[in-house]
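Residue-level structural notes
If you want the building blocks of each chain, they are given just below.
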Amino acid sequence: MLTALASFALAALIAPTLTRWLGTRVFLLLALVPLGALAHAVWHAPTVLSGTAVVESYEWIPQLHLALNVRMDALSWIMCLVVLGVGALVLIYCTRYFSNDEPALGRFAGHFIAFAGTMYGLVVADDVFLLFMFWEATTIFSYLLIGHYTDRKSSRGAALQALLVTTAGGLAMLVGLVLLAVEAGTTSLAAILAEPQSGALVTTSVILILVGALSKSALVPFHFWLPAAMAAPTPVSAYLHAAAMVKAGIYLIAAMSPAFASTPGWRELLVCVGVLTMLVGGWRALRQQDLKLLLAYGTVSQLGFLTVIVGFGTRDAALAGIALLIAHALYKSTLFLVVGIIDHRTGTRDLRKLSGLGRASPALAIASTLAIASMIGLPPMFGFVAKEAVFTALLESETAIGMVGLIGVVAGSTLTVAYSARFLWGAFARKPAVTAVALHKEPADFLAAPALLSLAGLAFGIVAPTVGYWISGYSENFPAADGRDDYHLALWHGIEPALALSALTLVLGIVLFWKRSAVTSFQKRVPAVINSADGYWKVMRFIDRTAARVTSSTQRGSLPFYLGVILLVFVVAVGTTLVLNAQWPSDLVVWDYPAQLAIAIIMAVAALAAVRASKRFTAVVLVGVTGYGMAVLFALQGAPDLAFTQVLIETVALVAFVLVLRRLPQRIGVAHPRRRRSGLRIGLGVGVGLTMAFVAMISLGSRAHDPISRILADIAYEGGHGTNVVNVTLVDIRGWDTMGELSVIIVAATGVASMVFLDRRTDDLPRPQQLLGRRGFLLRQKPVTEPARPRGRQQSDDSAETRLSWLLAGRTLAPENRSILLEVTVRLLFHSFIVVSLFVLFNGHNGAGGGFAAGLLAGMALVARYLAGGRYELGAAVTIDAGKLLGTGLLLAVGTALVPLFFGANALTSTWAEGDVPLFGQVEFVTSTIFDVGVYLVVIGLVLDVLRSLGGEVDRQQEDEDPATPNEGLDERTRV
Amino acid sequence: MSVSLVLVVLMAVMYACGVYLMLERSMTRVVLGFLLVGNATNILILIMGGRRGLAPILNDGATSGEINDPLPQAFILTAIVITFGVTAFLLALIYRSWRLSRADELEDDPEDLAIAERDAAVQEELRNPDPLDTEVDHLDELAAAHDLGERGEE
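These numbers come from a predicted model, not from an experiment.

Moving on, we get to unusual backbone geometry. Residue and element names in this part refer to chain A. Going from V220 to P221, the amide bond is cis rather than trans, its omega being 10°. As for its position among the elements, P221 is in the loop between α9 (200–216) and α10 (225–228). Residues P379 and P380 are joined by a peptide bond in cis, for which omega reads 5°. With respect to the helices, strands and loops of the structure, P380 is situated in the loop between α17 (362–376) and α18 (382–397). If you check the backbone angles, A218 has positive phi at about 60° while not being a glycine. Residue classification places A218 among the buried positions, given a relative accessible area of 0%. Positioned with a positive phi, H721 is a non-glycine residue whose angle comes to about 55°.

Here we take up the interface of chain A and chain B. At the junction of the two partners, chain A supplies 143 residues and chain B supplies 107 residues. Each partner contributes to the roughly 11,300 Å² buried at the junction of chain A and chain B, and carbon and sulfur atoms together form 71% of this total. Where chain A touches chain B, the interface holds two salt bridges. R51 of chain B is paired through a salt bridge with D587 of chain A; the nearest N and O atoms lie 3.2 Å apart. On the surface where chain A and chain B come into contact, there are 21 residue pairs in polar contact (both at pLDDT 80 or more). A per-element tally of the side of chain A that touches chain B places helix α29 (residues 678–701) of chain A first, with 14 residues. Among the residues forming the side of chain A that touches chain B, the class breakdown is 82 nonpolar, 34 polar and 27 charged. With three bridges joining them, strand β3 (residues 587–589) of chain A and strand β1 (residues 2–4) of chain B adopt parallel strand pairing. When the bridges of β1 of chain B are listed, V589 of chain A appears paired with S4 of chain B.

On to the packing of aromatic side chains. The description of two aromatic rings rests on the distance between their centres and on the angle between their planes. All names here are of chain A. The full count for this structure, using the stated rule, is 19 aromatic pairs over all chains. Three or more aromatic residues joined by ring pairs make a cluster, and in this case those are F27, Y93, Y97, F98, F108, F112, F115, Y239 and F446. Taking NZ or CZ as reference, R865 lies 4.5 Å from the ring centre of F830, over its face.

Criteria and cut-off values
Residues numbered from 1 in each chain as written. Chains lettered and ligands numbered in written order. Predicted model: local features only at pLDDT ≥ 70, side-chain atom pairs only at ≥ 80, totals over all residues. Heavy atoms only, no water. Helix = DSSP H or I, 4+ residues; strand = E, 2+ residues; numbered from the N terminus. Buried < 20%, exposed > 50% of the residue type's maximum accessible area, 1.4 Å probe, protein only. Contact = heavy atoms within 4.5 Å. Buried area = accessible area lost by both parts, 1.4 Å probe. Salt bridge = Lys/Arg side-chain N within 4 Å of Asp/Glu carboxyl O. Polar contact = N/O pair within 3.5 Å; in protein donor to acceptor, adjacent residues only side chain to side chain. Nonpolar A, V, L, I, M, F, W, Y, C, P; charged D, E, K, R; others polar. Pairing = 2+ DSSP bridges. Phe/Tyr/Trp six-rings, centres within 6.5 Å; stacked < 30°, edge-to-face > 60°. Lys NZ or Arg CZ within 6 Å of the ring centre and 35° of its normal.

Next up, the structure:
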């Protein structure tokens, strides 16, 4: 069975390719797969019919206890015959139904065979979750097959409707299955059914599963999707919506019936819903003009019939129910296939336009008549045998609900007779007012599949006792009725009440058909009581509307709104938790040292003033004050590295701000005056502030253990071989954190560059060499002299022509932009800065400093060069691409992490060496210093990227946009 | 653990100011708010380190009992630099926005506003159904399916 399932999957995968080669003949090839599986089932018939189930199992996801457990017992075996036999015949029929130029034929073939496979899987699955998966897979393939004509709106809509309705039911069923599996302690369907549990929970789960079954089998109130699904090609209607998929619900009811038929509500629910469906379907079928829709409503009606008898839950009813299921599969798929042929040959399915078809195509008429005879229960068809059995089973139940069912199915059968007659008359009769149809030629074997199916209906009727024996393997799961013999399927049971009922339905049905014009006018006067389609339509509209409303009310598109919501949730959620776990710290002091108060006041005032500031620079400087205040706090708290880094960062940040804000107007918030909802913002700000204050105090108060950092000092000294605990923590103990941080910095730096440069990442800082022409090494060592100013340019100072320049690119600036004092200072300090930064870098391991501070220090030197000499000076100062700096830095850090792995140590393990170096004395070297060098380079890269983007490139863009700036004509001038 | 009330209050004030600024529509104010929140968070971590102590550099004869907790310091150090990186990125965003539209205001997302308008359109259509209007595809498909299912009932 698993092999068969795999073959189905494989066939589905290769079907599209094969179709390209074989055209419609591919269906013959594909039909071999269900035929093979059918042969397997027939091969195992003796085993199964003797009462032993065929079991196969394959471990799928053992961790989830999910296994591909399949099991073929008597019921599954019969379902297999139906699903595979009808499937194979419909596939053969497809060969003639489609033409080679049918669009998306390969896709159709793939979907169809995949559907057949999942349907097969559904009836043999033993694990309830496996069953559910196949269940939903049939829904999906049904969706794809109904929507085969993707260019038709009605087709897409019908597919979606079927999908939504059956999936909704499927979800209810999933809940039911989970409940049931948990309650029973096993996921095996056979095991659950063998020892049925009871109780309120089980009842609930069973009802939920029934909801799934009812939606799948298109019972009231879910029936409306089935007629709409007739938008599918006819083979799909014949297979999915007559023989196979809609039977899935019936199958599940039948499978559960032996165990759960006595569950409260089971019988009542199924009989009532079944009778109602049978009547509604039959009633509506009576007024259809489209043969296919007539059959569709007929199918709805018959499914109701099946539900009544299969769900009834006695031995005789089970026998009758499965017999009816087989009969229905045979005659209904025949009729659908016949309609497909009629459609092909005449070009219409409208029974008002068809006339004289019976005489023109007698074979078709005979096949249909046989099927119809089976449907209305005429001997010797199998349908007759089944219907007799149903009537008898209900008659002999002698319960009130049995009587309800009996009256219902008799009334329903009357309607069935009426619409069957209407079908036969509509399709084949000669109507005086209508011109006889013209027929297209079709190959004779087009009729093969329906003919075979209708003949099977006849044959089964004749060998009814044998079929009865097949079914008995299932029906004997029910307890035998007291005091009388079991019913047996047979063509002739003698004159008995059931026969009389059959005759009654026939007579009444014929009368209904005879008086059809009266019936039609009566139907027009009766309003449609049950109109679930409208309900569905309203529900869908409601969902659409709610979705749009929810989306538009939550997705406002306003970032402040989103942020506000996030913060509000934060305040409420965290605040509630804090209030519930208030653990105040034992040692609450006003201040650690008096200076703290003074600094805090300055910082708080600066922060408040920054909020109120209306000029950009004022606000930036005020925020800067809080930053420098942080540095002082760090220093006094005992964190010199932090203080040092903070001061440097604050300075670089201030420069970055100034570089950007010089392009923006002086005042902020002109477009949006801050009156708007400022109360709300203040509230939220205060709320967050208070929450964080409580977070700080309560998290300290609830601390129960010594901080892990107590041992950090020892680890740093013993393991990291450094005395600066913070630095060793960064580059060694928690090196991975720092590695992540470096990545963030690189992303940010690259982001800055790409925001400003837009189209290229490579460094294109202008180099003075490009301006002066290449100079040899020796020449480069000579002082740079000012070149003569271009002619025609006013010179304020003629003696400047031979003046020595302090900076390489000093002369690229317009005279009014130059500051000689700045140039001199930078010239004197730059190299000292770099040397000091190197010292800070290498000193960091054992003293104050480290890669971050050192990198910022070097960055400061670059800031100074840029401020004094502009972007050409920056290009002269750094001849390496910023990207390369960042990359090298990360490479060094990653290398430090990875290299120890090659020596069998953990990543980031550090080693050290020490020795005497001339001039330096005792020197020790720790490998984690290399990591720190990486940090150093990355930080320099960041500062460089900020300078060349927000500085140099912004300058250039400004010059491009605004020719009035003093640097006008710079390039022409310097190229002289 | 010892908590300095002054630091806690300072942190709360800076959080409040930062959040207030971040909720503004001016991008410059948002960035400034971000910086204030960043600084406030560093104070929070600093508070977690407990009472002040000696610098965590063991050369100067400090022992592990006397030094200020080094772990929060390491966190703050990385936080400082990351805050700068992100600030630089935000500044680049501001510059870009300014170059494109001469505005440093956070505008509402037009796509989201379009959804709200579409919702209004749907409501309007449901109030006054117009069979020729095909604006709302999904609803139309369902209507078509509905029609098919009930075809020929009249």
